[in-house]
Amino acid sequence: MRLAAAGLLALALLSVPACGGGGGGGGGPQPPTRPLPGITLTPAGAASPAFRLVSGPASTTTVLEVEVRADGVSDLYGLAFDLSYPSAQLRFDSFAEGNFLAGAGTNSSLQVVRDGSNRLIVGFTRLGAAAGVSGSGVLLTLRFTAIGAGLGDLVYLRNRSYTPNGTEQTGVNWAGANVNVVL
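Criteria and cut-off values
Residues numbered from 1 in each chain as written. Predicted model: local features only at pLDDT ≥ 70, side-chain atom pairs only at ≥ 80, totals over all residues. Heavy atoms only, no water. Buried < 20%, exposed > 50% of the residue type's maximum accessible area, 1.4 Å probe, protein only. Helix = DSSP H or I, 4+ residues; strand = E, 2+ residues; numbered from the N terminus. Pairing = 2+ DSSP bridges. Phe/Tyr/Trp six-rings, centres within 6.5 Å; stacked < 30°, edge-to-face > 60°.

A.B. asks: Can you walk me through the pairing of strand β4 (residues 78-84) in this structure?
C.D. replies: Two faces make up the sheet, and in a regular strand the side chains alternate between them. Counting buried residues along β4, six of its seven residues qualify, which places the element largely inside the surrounding structure. Pairing of β4 with strand β7 (residues 119-126) involves seven bridges; the strand directions are antiparallel. Bridge pairing in β7 links Ser84 to Arg119. Note: β4 against strand β9 (residues 150-162), six bridges, orientation antiparallel. Bridging across to β9, Leu83 finds its partner in Tyr156.

In structure tokens:
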């Protein structure tokens, strides 16, 4: 009787590890999980006043809407910059004027020209005898479509901002961003 009880106990102990603790019972290595498709924009940090690149509300898994935002600026009348983007991952499609620089019924002029395959040349100014604007808001929106997976950078080049009398502003930070496209 004791021998039979010891045999049953040994059999019960051997069967416990075979249960696997609810882990699916496969026992072998699991295949890696594939990341979900999408575009992630990670803005670079910078103290105010700054011009920042942030993901806009119309961004999707295949479309990246990049807002060029003013943050804590003062007496802004116009700005000009080149923006380098990763052309192996993104195709530039279009642009739209925001309401920060052109607000309150003031006329303005925005020009965005693609220079080569990976650079935009941007010029944006108020027109006439208008005062400069101060505060924070969306200057313009750039729209890109994902065309390839990978990592890349959005980088400001040759960047300047100006007051109403044409004086170049100093002490303003220009914060680019990193982009990760998963298709």
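A.B. asks: Please clarify how the packing of aromatic side chains should be interpreted in this entry.
C.D. replies: Each aromatic ring pair is specified by the distance between its two centres and by the angle formed by the two planes. Within the structure shown, the criterion is met by six aromatic pairs. Relative to Tyr156, the ring of Phe81 lies with its centre 5.1 Å away and its plane at 85 degrees, an arrangement referred to as edge-to-face. Here Phe81, found in strand β4, pairs with Tyr156, found in strand β9; they are 75 residues apart in sequence, far enough to count as distant. In terms of burial, Phe81 and Tyr156 fall into one category: buried. A ring pair is formed by Tyr85 and Phe144, whose centres lie 5.1 Å apart and whose planes are at 55 degrees; its orientation type is tilted. One end of the pair, Tyr85, is in the loop between β4 and β5 (90-97); the other, Phe144, is in strand β8 (residues 133-146), with 59 residues separating them in the sequence. This pair shows no difference in class: Tyr85 is buried, exactly as Phe144 is. Taken together, the ring pairs connect Phe51, Phe81, Tyr156 and Trp174 into an aromatic cluster.

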